[in-house]
Amino acid sequence: MTNQFGGSWTDQKMAIVVAYAKAYLTIMKEQRWAKTIYFDGFAGSGSIKDNSSLRNNNCLLDSNAEMSTAEDIKKGTALRILDISEPKPFDLYYFVEKNESYQQQLLHQIGRRYVDRKCHVVKGDCNKKLNDLAGFLKQNNEFRALCFIDPYGMSVKWSSIEALRGLGVDLWILVPTGVSANRVLVNDGNIPDVWLNSLEIFLGLKRDDIKRKFYKEVIQHNLFGDDLTLVEKERDTVNKLGKLYAERLQTVFNFVSESFVLRNSMNSIMYHFMMGTNNPVALKIANDVIKPKYKL
Ligand SMILES: C[S@@+](CC[C@H](N)C(=O)[O-])C[C@H]1O[C@@H](n2cnc3c(N)ncnc32)[C@H](O)[C@@H]1O
């Protein structure tokens, strides 16, 4: 079975990462002292299924998956990155996948087609592996990492992103503003405790700060003067979440790119896709890559 996604935003996401990786490798080719790692924290099976019936919920498994035709199935980002040989391949590839079946499929596809690439395909949690990556980079100064973080929802802990502070990392991350975070911000502000916990872990902020950013108090005037104070959700919280995450990234990286907004076929915002880096040249490339010429 393949991973299943739908909608052209998936193509856009892959096109951006591949275009950036090529530009990144062009520059790194000149840095002869440096070794490059491609770190993919949510690697998938190596294939994705383009299924229009899943366009509003790109990561659900489809019970009809076995009926998919070859035309529905596309190469996932992992294989597209491995396909890059010009200007040069990465020196090392590190793919993390939590689902054992997907990890095995990716391993199988890589083993068959990319024998000359130095790959690790591990079953594990991206959060743990981001921390391991940080430890590795601290010990091995010659390495520079391009990270691609492509989660379903709010599964990346803020503490895992913070672990990358001060390191030679360019981090592309899909921030699940529309698909996940905004859904947790319920209209009346009565967010269940467990959801507030996940927002705190995801944003690295305290619940009161989060509430202050996304809710306001409004006074409802009653006929007899007994006014009522109500809590109301702010407007355009999806984009505000994207802006907030970019501000949070800016506390870890020197530079954060503009966001590329990924929308589904109903034109609803699903993710804000952005990059953090400590390198001003990388920032310029990232902002260039997300300009309309790369949009499919
Ligand atoms: C959006 S899909 C990845 C698609 C892939 N990046 C691509 O473009 O081809 C997310 C993948 O992450 C895996 N996953 C979910 N939670 C994870 C975690 N905490 N750590 C690592 N992988 C995880 C899922 O099994 C799924 O295959």
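For the structure itself, look to the data block above.
Here we summarise the structure given alongside this text. (Residues numbered from 1 in each chain as written. Predicted model: local features only at pLDDT ≥ 70, side-chain atom pairs only at ≥ 80, totals over all residues. Heavy atoms only, no water.)

1. Focus on the overall build of the chain
When you go through the chain residue by residue, the secondary structure sums to ten helices and 13 strands. The buried share of the chain, reckoned over its 296 residues, is 51%. At a minimum sequence separation of 6, the contacts of the chain that also span at least 24 residues come to 76%. Of the accessible surface of the chain, which amounts to about 14,500 Å², a share of 50% is contributed by carbon and sulfur atoms. (Helix = DSSP H or I, 4+ residues; strand = E, 2+ residues; numbered from the N terminus. Buried < 20%, exposed > 50% of the residue type's maximum accessible area, 1.4 Å probe, protein only. Contact = heavy atoms within 4.5 Å. Areas by Shrake-Rupley, 256 points an atom, 1.4 Å probe, with all protein chains shown as cover.)

2. Topic: the side chain of Thr177
Considering the arrangement of structural elements, one finds Thr177 in helix H6 (residues 177-184). For Thr177, the side chain forms a polar contact with the side chain of His272, separated by 2.8 Å. (Polar contact = N/O pair within 3.5 Å; in protein donor to acceptor, adjacent residues only side chain to side chain.)

3. Examining the site of the ligand
Around the ligand there are 21 residues in total, and Phe42, Thr77, Glu97, Cys126 and Asp150 lie nearest to it. The side chain of Glu97 places a nitrogen or oxygen atom 2.5 Å from an oxygen atom of the ligand. In this structure, a nitrogen atom belonging to the ligand sits 2.7 Å away from a side-chain N or O atom of Asp150. For the ligand, the protein covers 95% of the area, taking 600 Å² as the surface of the free molecule. Here the residues of the shell around the ligand are counted per class, giving nine nonpolar, seven polar and five charged. (Near = heavy atom within 4 Å. Nonpolar A, V, L, I, M, F, W, Y, C, P; charged D, E, K, R; others polar.)

4. A look at the packing of aromatic side chains
In the structure shown here, the tally under the stated rule is 14 aromatic pairs. For the ring pair Tyr20 and Tyr24, a centre distance of 6.1 Å and an interplane angle of 35° mean the geometry is tilted. With Tyr20 and Tyr24 both in helix H1 (residues 8-30), this residue pair falls four residues apart, about one helical turn. When its relative accessible area of 6% is taken as the criterion, Tyr24 is described as buried. A ring pair is formed by Trp172 and Phe273, whose centres lie 5.0 Å apart and whose planes are at 50°; its orientation type is tilted. Within this pair, whereas Trp172 is found in strand S8 (residues 169-175), its partner Phe273 is found in strand S13 (residues 269-277), the two being separated by 101 residues in sequence. With a relative accessible area of 1%, Trp172 lands in the buried category. You can call Phe273 buried: its relative accessible area is 0%. (Phe/Tyr/Trp six-rings, centres within 6.5 Å; stacked < 30°, edge-to-face > 60°.)

5. Structural notes on helix H9 (residues 237-249)
Between its terminal C-alpha atoms H9 stretches 18 Å, which fits the 18 Å expected from 13 residues at 1.5 Å a residue. Within the span of H9, buried status applies to Thr237, Val238, Leu241, Gly242, Leu244, Tyr245, Ala246, Arg248 and Leu249. (Expected span 1.5 Å × (residues − 1).)

6. Comments concerning the side chain of Lys233
With respect to the element layout, Lys233 can be found in strand S10 (residues 228-233). Buried within the structure, Lys233 lacks any salt-bridge partner; its nearest side chain of opposite charge belongs to Asp188, at an N-O separation of 9.5 Å. At 2.7 Å, the side chain of Lys233 and the backbone oxygen of Leu185 are in polar contact. (Lys, Arg positive; Asp, Glu negative; His and termini not counted. Salt bridge = Lys/Arg side-chain N within 4 Å of Asp/Glu carboxyl O.)

7. Describing the nonpolar core
Membership of the largest hydrophobic core comes to 46 residues, with the highest contact counts inside it found for Ile161, Val169, Leu171, Ile173, Tyr245 and Leu249. If near-sequence neighbours (up to four positions away) are discounted, Leu249 is found in contact with Trp158, Ile161, Leu171, Ile173, Val256, Met274 and Gly276. (Core = buried A, V, L, I, M, F, W, Y, C linked by side-chain atoms within 4.5 Å.)

8. Quick look at the pairing of strand S2 (residues 35-40)
The buried fraction of S2 amounts to five of the six residues, a majority that puts the element mostly inside the structure. Pairing geometry for S2 and strand S7 (residues 143-149), over six bridges, is parallel. Paired with Tyr38 across the strands is Leu146, a residue of S7. Here four bridges tie S2 to strand S5 (residues 92-97), and the two strands are oriented parallel to one another. Across the sheet, residue Phe39 finds its bridge partner in S5, namely Tyr94. (Pairing = 2+ DSSP bridges.)

9. Concerning unusual backbone geometry
Here the bond from Glu86 into Pro87 is cis, since omega is 5°, no more than 30 degrees from zero. Checked against the element boundaries, Pro87 lands in the loop between helix H2 (77-82) and S5. A positive phi angle, close to 70°, is found at Asn267, a residue other than glycine. Here Asn267 shows up in the loop between strand S12 (260-263) and S13.

10. Considerations on the layout of surface pockets
When its volume is computed, the second largest pocket comes out at roughly 280 Å³. The element that contributes the greatest number of residues to the lining of the second largest pocket is H1, accounting for four residues. Residues of the lining of the second largest pocket, tallied by class, amount to ten nonpolar, five polar and two charged. (1 Å grid on protein atoms, 1.4 Å probe; cavity = no way out; pocket = protein on both sides within 12 Å on 5 of 7 lines; lining within 4 Å. Points joined across faces, edges and corners; volume = space filled by probe spheres on them.)

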